[in-house]
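For reference, the chains in residue letters:
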Amino acid sequence: MKKRAIAGLLCCVMMLGLCACGQETAKNGGQTEGAAPEPTPASEETSLDPSYETTIYVCGSWGNFEALDAAAQIFNEQYPNIQVVYEQLENYTSDLGNRFVSGENIDIYLTDWLLSNDERYSSYWENAEDLTDVLDLSAIPEAYAETGLRDGMQFAVPIYNHSYGIMVNEDLLAAHDLAVPSTYEELLNCCEVLKAAGIAPVLKADMDYINQIYFNHVYQAVMTADDPEAAAQALLAGEDSTGKVANIVSHMDNFHSSDYIHPDSEGLPDTYDSVIMRFFEGDIAFVPFVSSSFSGTKKREAKSEAFTANPFSYSFIPAPGTDGYEHVVEQLGTVYMCAYNGVDEEKMPYVNAFLQFLVDDAGSEALARVKNMATSNARVGDAAFPYLNSLPEDQILYAGMSAKGDTMLKVNQLLRAASIYYEVGISAEDLLAVAIGKVNEK
């Protein structure tokens, strides 16, 4: 399995990127496009009893998990007597802790990359089964699977990911003879043309999104330096040895001070539903967004009277690149699954079989289709985000390189803080000093 360049966000920042359609090696694990996927162990004969009867309890923070239900129905074709029950825990961390103590109604639980790397949530991995020699994760790019490691052991398995990018009204651009931008300079040109036409082109869902998009370039510069560790240590000491921080600060100053932001951005009650519904009114060209939120657009089309009356073509693209990067896509694991290590020995193989099924092709396809989100399985194409299917490997940055060392985790945290505390006019040196101070507070 080829490794893909890594970089990350620290946060949850759910979080970009795009296409090179002529590539044969894509997010399909290095296979030639159109080739049939190799079968994985879960699709082969197992020694498990297909008539085994049990209930697998999955705990999470989402209000519902329809995609899991769809996947479970397919799983039941092989294990018809295994019921999968999903339960939302209202106060997730404390309620999950209670389940760890009681051992009741918990077999699998959800987490994300950030929580799994924060000592305050140590119970998340202390109560997880080591899946290192249990599951076949060959369908997941190696660099991505490694984001679920802790002390060299596979305690969490990435299921869904998301990335930062931009939601684009393609018809509005076309009406002004503009193409979907593929570079930062083209993005600025689109904004200038639309502004001249009396259109405020950008709706701010969360302006931190656009900041994080471009601060990811700094991480890539660190990771691709001749000595990544030295470059990382310099950055943590406040030295911008790559020169990227100053470049990105300059780009953000330009973007934020150019009157591109639509005034309605300030009155939005949330960064999800209201953003999509406002976008569907048709007069917004760009929304810095995350792919996991974009997944909710289809079900909201019919709820929008404006969109129903005047539908338009729209898409989710990676943030146009700058400073020599055509595209930079950060894949952030937004949902990981852990197997509770308190499951009894008889039941555990079936819990693991369900996890394996979710990672393998049939389960992953169901998760992707119903949720309209990209999964970690590299063989399952991403219909909603086709650029992921053909993006060159050196343009995909996997959050979680920190699994290989604390230094990279701190760089993740530093750049996340920089994206949050950036303000127009701040120098790169001052921004690094503020970000370092915030990281050291933790």
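The paragraphs below set out a description of the structure included in this document.

Criteria and thresholds
Residues numbered from 1 in each chain as written. Predicted model: local features only at pLDDT ≥ 70, side-chain atom pairs only at ≥ 80, totals over all residues. Heavy atoms only, no water. Core = buried A, V, L, I, M, F, W, Y, C linked by side-chain atoms within 4.5 Å. Buried < 20%, exposed > 50% of the residue type's maximum accessible area, 1.4 Å probe, protein only. Helix = DSSP H or I, 4+ residues; strand = E, 2+ residues; numbered from the N terminus. Polar contact = N/O pair within 3.5 Å; in protein donor to acceptor, adjacent residues only side chain to side chain. Contact = heavy atoms within 4.5 Å. Pairing = 2+ DSSP bridges. Axes fitted to C-alpha atoms, helices over the stretch in contact; angles between N-to-C directions. Left-handed = near helix turned anticlockwise from the far one by under 90°. Nonpolar A, V, L, I, M, F, W, Y, C, P; charged D, E, K, R; others polar.

### As for the nonpolar core
- Membership of the largest hydrophobic core comes to 66 residues, with the highest contact counts inside it found for Tyr214, Leu235, Phe286, Val287 and Phe289.
- The element contributing the most residues to this core is helix α8 (residues 208-223), with nine residues.
- Counting residues in hydrophobic clusters, the runner-up holds 56 residues, among them Ile82, Ile159, Met337 and Phe357.

### Side note on the side chain of Ser304
- Mapped onto the fold, Ser304 is located in the loop between α13 (298-301) and α14 (305-309).
- Its relative accessible area of 4% is what places Ser304 among the buried residues.
- At a separation of 3.0 Å, a polar atom in the side chain of Ser304 contacts the main-chain amide nitrogen of Phe307.
- Filtering out sequence-adjacent residues up to four positions away, Ser304 remains in contact with Met277 and Phe280.

### Focus on the sheet that holds strand β7 (residues 164-169)
- Spatial strand order, β8-β7-β9: three strands in an open sheet with antiparallel pairing. Both outer strands of the open sheet, β8 (286-290) and β9 (314-317), are each paired with one neighbouring strand and no more. Direction aside, the axes of adjacent strands within the sheet are offset by 30 degrees on average.
- Direction of pairing for β7 relative to β8: antiparallel, over a ladder of five bridges. Following the sheet pairing, Tyr164 is matched in β8 by Val290.

### Notes on the environment of Leu187
- Structurally, Leu187 can be placed in helix α7 (residues 184-196).
- Excluding anything up to four places from it in sequence, Leu187 contacts Ile166, Pro181, Tyr214, Phe255, Phe286 and Pro320.

### Things to note about the packing of helix α1 (residues 66-75) against helix α16 (residues 361-371)
- At a minimum axis separation of 8 Å, α1 and α16 run at an interaxial angle of 145 degrees. Crossing of α1 over α16 shows right-handed handedness. On α16, the residues that touch Glu66, Ala67, Leu68, Ala70, Ala71 and Ile74 of α1 are Ala362, Gly363, Ala366, Leu367, Val370 and Lys371.
- Across the contact of α1 with α16, the residue classes break down as nine nonpolar, one polar and two charged.

### As for the pairing of β8
- When you tally the buried positions in β8, you get five out of five residues, the bulk of the element.
- Of the two faces of β8, the one holding Phe286, Pro288 and Val290 and the one holding Val287 and Phe289 are both buried throughout.

### What about the environment of Lys371?
- Counting through the fold element by element, Lys371 comes out in helix α16.
- Separated by 303 residues in sequence, Lys371 and Leu68 have C-alpha atoms that sit 9.0 Å apart.
- Ignoring sequence-local partners within four residues, the contact set of Lys371 consists of Trp62, Ala67, Tyr160 and Ser295.

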